[in-house]
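One-letter residues, chain by chain:
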Amino acid sequence: MGRRKSYSASFNSKVALEAIQGDMTIGELVTKYRLNPNMITRWKKQAIEGMEDIFSRGGHTAHEASDQARIKGAFRQYRGVNG
């Protein structure tokens, strides 16, 4: 049997953020990244559930603050679309 492919946390975050933003459907992301739709859905769910931890740490660098602002905006957009 083949080995499972492992993805970096950076890649997982990138795909999850795109899924949260909702500019592309899960199906489009599957095609773009050649991933299983369940994997994208799981990463998206993990990202949403982990948002509180991200913001409770506080940003220590400009890069972290920029990332946090981007994630926060995407999360607001996601909540606006999904109630």
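Everything discussed here concerns the structure shown above.
Here is a short report on the structure shown in this document. Residue positions are given per chain, counted from 1 along the sequence in the order it is written. Residues qualify for local features only when their pLDDT is at least 70, as the model is predicted, and side-chain atom pairs are given and counted only at 80 or more; totals for whole chains, interfaces and linings, by contrast, use all residues. Only hydrogens and water are set aside when side-chain values are computed; all heavy atoms of the structure are taken into account.

1. What about the nonpolar core?
Link 1 in the chain: We call a set of buried Ala, Val, Leu, Ile, Met, Phe, Trp, Tyr and Cys residues a nonpolar core when their side-chain atoms join them within 4.5 Å. Think of it in three bands: residues with accessible area under 20% of the maximum for their type are buried, residues over 50% are exposed, and the middle band is partly exposed, with areas taken using a 1.4 Å probe on protein chains only. Judged by nonpolar contacts, Val15, Ala16, Ala19, Leu29, Val30, Tyr33, Leu35, Met39, Ile40 and Trp43 together constitute the single largest core of 10 residues.
Link 2 in the chain: Those elements that provide at least two residues to this core are helix H1 (9-21), helix H2 (26-33) and helix H3 (37-49).
Link 3 in the chain: It only takes one pair of heavy atoms within 4.5 Å for two residues to be counted as in contact. Those residues in contact with Ala16 that lie beyond four places of it in its chain are Trp43, Lys44 and Ala47.
Link 4 in the chain: Ile20, Met51, Ile71 and Tyr78 belong to the second-largest nonpolar core, a separate cluster that totals 7 residues. A run of H or I in DSSP becomes a helix once it reaches four residues, and a run of E becomes a strand once it reaches two; helices and strands are each numbered from the N terminus.

2. Quick notes on unusual backbone geometry
Link 1 in the chain: The residue Arg34 is not glycine, and still its phi comes out positive at about 55°.
Link 2 in the chain: Within the element layout of this structure, Arg34 appears in the loop between H2 and H3.

3. Focus on the packing of aromatic side chains
The geometry of an aromatic ring pair is captured by two quantities: the separation of the ring centres and the angle between the planes.
Link 1 in the chain: Between rings of Phe, Tyr and Trp, where Trp is taken as its six-membered ring, a pair exists when centres lie within 6.5 Å; planes separated by under 30 degrees are stacked, by over 60 edge-to-face, and by other angles tilted. According to the stated counting rule, one finds 4 aromatic pairs in the structure shown.
Link 2 in the chain: On the numbers, 5.4 Å between centres and 85° between planes, the contact of Phe11 with Tyr33 is edge-to-face. Taken together, the positions of Phe11 in helix H1 and Tyr33 in helix H2 put the pair 22 residues apart, joining distant regions of the chain.
Link 3 in the chain: Taking relative accessible area as the criterion, Phe11 reaches 21% and is therefore assigned partly exposed.

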